[in-house]
Amino acid sequence: SQQGEEDPQALSIQEGENATMNCSYKTSINNLQWYRQNSGRGLVHLILIRSNEREKHSGRLRVTLDTSKKSSSLLITASRAADTASYFCATDALTAGNKLTFGGGTRVLVKP
Amino acid sequence: NAGVMQNPRHLVRRRGQEARLRCSPMKGHSHVYWYRQLPEEGLKFMVYLQKENIIDESGMPKERFSAEFPKEGPSILRIQQVVRGDSAAYFCASSRDRSGGSNGNTIYFGEGSWLTVV
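Quantities reported herein were computed from a predicted structural model and do not represent experimental measurements. (Residues numbered from 1 in each chain as written. Chains lettered and ligands numbered in written order. Predicted model: local features only at pLDDT ≥ 70, side-chain atom pairs only at ≥ 80, totals over all residues. Heavy atoms only, no water.)

Undergrad: Any chance you could break down unusual backbone geometry for me, citing the residues and the numbers?
TA: As a rule of thumb, non-glycine residues mostly have phi less than zero, and peptide bonds are mostly trans rather than cis. Of the consecutive residues A:D7 and A:P8, the connecting peptide bond is found in the cis state with omega at 0°. Tracing the sequence through the fold places A:P8 in the loop between β1 (5–7) and β2 (10–14). Between B:N7 and the following residue, B:P8, the backbone shows a cis peptide bond with an omega angle of 0°. Positionally, B:P8 belongs in the loop between β1 (5–7) and β2 (10–13). A positive phi is found at A:K70, a non-glycine position, where the angle reads about 50°. Considering the arrangement of structural elements, one finds A:K70 in the loop between β7 (61–66) and β8 (71–76). (Helix = DSSP H or I, 4+ residues; strand = E, 2+ residues; numbered from the N terminus.)

Undergrad: Lay out the sheet that holds β1(B) with the relevant residues and their values.
TA: Residues and elements named next belong to chain B. Read from one edge of the open sheet, four strands run β1-β3-β8-β7, paired in antiparallel fashion. Edge positions in the sheet fall to β1 and β7 (65–68), since each has one partner strand and no second. Strand-to-strand twist in this sheet, taken as the mean axis angle between neighbours without regard to direction, amounts to 15°. Pairing between β7 and strand β8 (residues 75–79): four bridges, direction antiparallel. Within β8, the position partnered with A67 by the bridge is L77. (Pairing = 2+ DSSP bridges. Axes fitted to C-alpha atoms, helices over the stretch in contact; angles between N-to-C directions.)

Undergrad: Describe the packing of aromatic side chains, and please don't skip the residues or the numbers.
TA: This structure, assessed with the given rule, holds eight aromatic pairs over all chains. Ring centres 5.4 Å apart and planes at 85° place the aromatic pair A:Y35 and B:F109 in the edge-to-face group. Here A:Y35, found in strand β4 (residues 29–37), pairs with B:F109, found in strand β10 (residues 108–109), and the two come from separate chains. Among the residues examined, B:F109 registers a relative accessible area of 10% and is labelled buried. Ring geometry for B:Y35 versus B:F45: centroids 5.7 Å apart, planes at 75°, classification edge-to-face. Here B:F45 lies in strand β5 (residues 43–50) and B:Y35 lies in strand β4 (residues 31–37), a separation of 10 residues in the sequence. For the pair formed by B:Y35 and B:F45, the shared burial category is buried. The rings of A:Y35, A:F102, B:Y35, B:F45 and B:F109 are connected pair by pair, giving a single aromatic cluster. (Phe/Tyr/Trp six-rings, centres within 6.5 Å; stacked < 30°, edge-to-face > 60°. Buried < 20%, exposed > 50% of the residue type's maximum accessible area, 1.4 Å probe, protein only.)

Undergrad: Explain the interface of chain A and chain B to me, using residue names and the numbers behind them.
TA: Taken residue by residue, the interface counts 22 residues in chain A and 27 residues in chain B. Of the roughly 1,900 Å² buried between chain A and chain B on both sides combined, carbon and sulfur atoms contribute 46%. Here chain A and chain B share two salt bridges between them. Across the pair B:E111 and A:R41 runs a salt bridge whose closest N-O atoms are separated by 2.5 Å. (Contact = heavy atoms within 4.5 Å. Buried area = accessible area lost by both parts, 1.4 Å probe. Salt bridge = Lys/Arg side-chain N within 4 Å of Asp/Glu carboxyl O.)

What follows is the structure in structure tokens.
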């Protein structure tokens, strides 16, 4: 079964609203990363949070990590139409060597 | 500093033909990873290579798929006798050091190669 699972699968919001998406995983991790993918494009690295960190900020992005619940959340504040994309979490598991394991993604639509 | 370069961006092959996808890592990066993305899904790990060596190929199908990263030149993902189920986006990523671990070395992705098998 998949290591990372995003929730919700799809999200539609108005410009200016906040978008929150969650990621759950199953095994212990070294770190967890969030990526953005615009349609037909590659992945853009957004933020990495290590297993000993609980919260991290980068611009309008806020990521939390709860290792006891094996979950992470990504919050995009004051969303813009340009934030429309798919967002993926990827875990670097202790037992997975050098593989990143991706969830199925959350498709975010920000309406102007 | 150019990013990870993949070509071709789009490739159409008939069933039974061969597909060859190329990836040039970022300058100074000697670790290369290949991932496959089916429509509406996340990326699935295929193979991890370091110059001239396959380190982890646990995600590679046992048949028809092979990967190499020669001393000189790009990494190549080769799919022989393609079938419709091989239609997907294939992403290459690279890192300077081994990714992951407590250092959390970031890997950088290319724009992908979209393979369509007709």
